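Structure at a glance
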Amino acid sequence: MNLAEFIIRIESFNANVNIPLIRKAYEFSDRAHKGQKRHSGEPYVEHCLEVAFILAEQHMDSTAIASGLVHDVVEDTDITVDEIREAFGDEVADLVDGVTKISLIKFDSREEQQAEYFRKMLLTMAKDIRIILIKLADRLHNMRTLGSLPDDKRRRIASETRDIYCALAHRFGVNKIKVELEDLSLKYLEPEVYFDLVAKIAEKKEEREAYIAEVTKPIKDELAKNGIPGKVYGRAKHLDSIFRKIRVRGVPFDEIFDLFAIRCIVESERECYHTMGIIHAMWKPVPNRFHDYIANPKPNGYRSLHTTVVGPRSKMVEIQIRTHQMHYVAENGIAAHWLYKEGRQVMSKSDRQMVWLRDVLEWQKEMTNPADFLEYLKIDLYSEDIYVFTPDGKLVHLPKGATPLDFAFQIHSEVGIHCAGAKINGRLQPLSTELQTGDAVEIITSQNRTPSHDWLKIVKTSSARTRIKRWLKQAGFEQFVVLGRQIVERKLKEQRLKLPPEEQLQEYAEQLDRKSVEDLFAAIGNGSVSSRQLIHLIEPTVEKKDVGFVGRVIDRIRGSKGIRIHGYDNMMFRFAGCCQPIPGEDIVGFITRGRGVTVHRSDCKLALALAEKSPERVIVVSWDTAKGQSFVVRIELIVEDRKNMLRDITEAIADIDTNVRAAEMRTKDTTAVGEFLVEVSSLSHLKKTMEKIKKVKGVISVVRTQGGSDGSYEH
């Protein structure tokens, strides 16, 4: 494709294209890449032309097309962004700068490089959304010509394309590019599967086309009878979609009947619903296979009616009904919203794509681990959405698998932070309940309720996870500073040493990669830095491991409750699930990285092992329970297998004012084994509860078991 052919072709998509600008950009790119060839052997400028043409196919403006022509000159030649700015102005220069890779920056790992690349891409997308469209066009042409690269490089690029670029195209609704990228990724990641599907689909082409005609003709006839001008046609589903159906359903190709979908394109939204009614009168609709994306658009702006009917010869047929405008948006996504002729250079803040992008930019600030960042980005990009309602009927989009806690943070950060419970469709439900489309959710808040680390196990959205982590970090920082300082002072006292002045401590903090003295003490307090490291800097002659201290710690665990720790009114203590301590038992605390203090029974085997391995993490704790506070304990029963046994046991437990959190009975021969989670206030309360259960007729044994409960309490 030479320049003349290129201009003729792009004018068919945009009659108002700026020909002088396009010609200038082509000549600039041709000179810059002169002598450069791609792996395929073609001149490099051919790639630039193809990228620009893909942008023209999406009806992009002249500035974006020109930027596509020169998008690689900064990375692959000696030309700078400033030279582009001088030649084409700020707009083209900023777009080119936005899509330029970060190959000049050195990283320790491929994963770190990839993570930083996508961070930069997200940030630049927020400035001008055309950047992602240029990147998608660039990646699409690279995938089309991937065959000339070595196999290992092909697989790496195809994997990255599937994981990130396909998902980005989906998130921004650019369906035409998404579909082709998915099929090309499959071609290089699963070549045998790809070519096998190509052959099998080709074999069924005549049969498929005959059946499509059998479905579309009566629909066209009925629409004409009802005075609805419309276009009705069948389209084959793309290869990757078919492959995913085979993999998910676990059935062979021959049993996949929905290899195509029928599409009806009409003039108005009213005609969409009328058409759906006509089709449902012709063929029986399949239950639970109707989706109204017109009333409830997808987050990427997609709008359409989807229904599945039992068509001719009792075969299931998927039918999509939309207007011409909806179809244009479905194919081109965010590009269809581009209104440059009206002077709009950024997406509106209310556009769903930009809302998602702002959320990602918010939580990515907290992600310092490249693996975590990439993982959460993939989750957010791929998530299928559900639709739930607030009490006043407002629609809220959430990813599939989201919980009421995710919903609470979506409503407002403060609602999430103080979330105490949730009603789903008018009934109280656990915060871990998975929400379904159509649920009405009401959040119950309490100023006394604040996040715990266990919330991180419940939430599914990256934004909720980030807000919880931020709150925990802020809330725990001051407590850990005090705790860390106390640990160090105690260790120094054992060595007859004093804490150095602040100026000296600041030097030590920097040596241990901490910005301030407070940061250092907080790190020691939460267990991410060992107190030994600081003490060794203060006095290098002190042995790093005090073997004699281990014995003293073990003795203290075995023989004493210790002392009360003052100044920690809001310190979070986590009761160990391995031994489930309750008031009345001797206890010991261990500093747990990022989770405050974990409290064990003094005779717990794990506690003894921890004390021997990391004596500096030991902290003396004592019971200081509030009136009415309860603790979860697991007990195991062996009982006779008789009628009403479970009822009699729960009644016995209730008689002694003990709450049952969970109960399970399993029959084994003539006996049954039961496990109960009960809430007790003290050791004596537990003993009374167990004695009460033993008196129930047919109870053979009652024992307290280790493990299970892993709750956390704040005091």
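These notes cover the structure that comes with them. (Residues numbered from 1 in each chain as written. Predicted model: local features only at pLDDT ≥ 70, side-chain atom pairs only at ≥ 80, totals over all residues. Heavy atoms only, no water.)

**Comments concerning the overall build of the chain**
- What the chain contains, in helices and strands, is 29 helices and 20 strands.
- Buried residues in the chain amount to 50% of all 715 residues.
- Long-range pairs, those at least 24 residues apart, make up 67% of the contacts in the chain between residues at least 6 apart in sequence.
- Total accessible area on the chain stands at roughly 35,200 Å², and carbon and sulfur atoms take up 49% of it. (Helix = DSSP H or I, 4+ residues; strand = E, 2+ residues; numbered from the N terminus. Buried < 20%, exposed > 50% of the residue type's maximum accessible area, 1.4 Å probe, protein only. Contact = heavy atoms within 4.5 Å. Areas by Shrake-Rupley, 256 points an atom, 1.4 Å probe, with all protein chains shown as cover.)

**Describing the pairing of strand S13 (residues 587-591)**
- Counting buried positions along S13 gives five out of five residues, so the element sits mostly inside the fold.
- Neither face of S13 is left uncovered, since the one carrying Ile587, Gly589 and Ile591 and the one carrying Val588 and Phe590 both have all their residues buried.
- Of the strand pairs in this sheet, S13 and strand S14 (residues 597-601) are connected by five bridges, and their pairing is antiparallel. Bridge pairing links Gly589 to Val599 in S14. (Pairing = 2+ DSSP bridges.)

**Observations regarding the state of the cysteines**
- Within this structure, the stated rule accounts for zero disulfides.
- Here Cys264 is not disulfide-linked; the sulfur of Cys272 is the nearest cysteine sulfur, at 9.3 Å.
- Judged by relative accessible area, which is 0%, Cys264 ranks as buried. (Disulfide = S-S within 2.5 Å.)

**So, the pairing of strand S18 (residues 671-680)**
- Along S18, eight of the ten residues are buried, which leaves the element largely enclosed by surrounding structure.
- Note: strand S16 (residues 631-640) against S18, ten bridges, orientation antiparallel. Of the residues in S18, the one forming a bridge with Glu640 is Thr671.

**Notes on helix H2 (residues 19-32)**
- Helix length check: H2, at 14 residues, gives a terminal C-alpha distance of 20 Å against a target of 20 Å (1.5 Å per residue), a fit within 8%.
- Within H2 the residues assigned to the buried category are Leu21, Ile22, Ala25, Tyr26, Phe28, Ser29 and Ala32. Each buried residue of H2 lies within a common arc of 165° when the element is viewed along its axis, so the set occupies one face. Relative to its buried face, H2 has exposed residues pointing more than 90 degrees away, namely Pro20 and Arg31.
- On its buried side, H2 packs onto helix H1 (3-11), helix H3 (44-57), helix H4 (62-69), helix H5 (73-76) and helix H6 (81-88). (Expected span 1.5 Å × (residues − 1). Arc of directions from axis to C-beta.)

**Re the nonpolar core**
- In this structure, Phe6 and Ile84 are the most contacted members of the largest nonpolar core, which totals 61 residues.
- Of all hydrophobic cores here, the second largest spans 49 residues; its members include Leu505, Ala523, Ile649 and Val678. (Core = buried A, V, L, I, M, F, W, Y, C linked by side-chain atoms within 4.5 Å.)

**Describing helix H24 (residues 517-525)**
- Burial analysis of H24 places seven of its nine residues in the buried class, the great majority of the element.
- Along H24, the residues classified as buried are Val517, Leu520, Phe521, Ala522, Ala523, Ile524 and Gly525.

**Points about unusual backbone geometry**
- Despite not being glycine, Arg313 shows a phi value in the positive range, around 60°.
- Within the element layout of this structure, Arg313 appears in the loop between strand S5 (305-310) and strand S6 (316-323).
- By relative accessible area, which is 54% here, Arg313 ends up exposed.
- In the Ramachandran plot, Ser314 falls in the positive-phi region, its phi being about 60° despite a non-glycine side chain.
- Tracing the sequence through the fold places Ser314 in the loop between S5 and S6.
- On the basis of relative accessibility, which here comes to 64%, the residue Ser314 falls in the exposed class.

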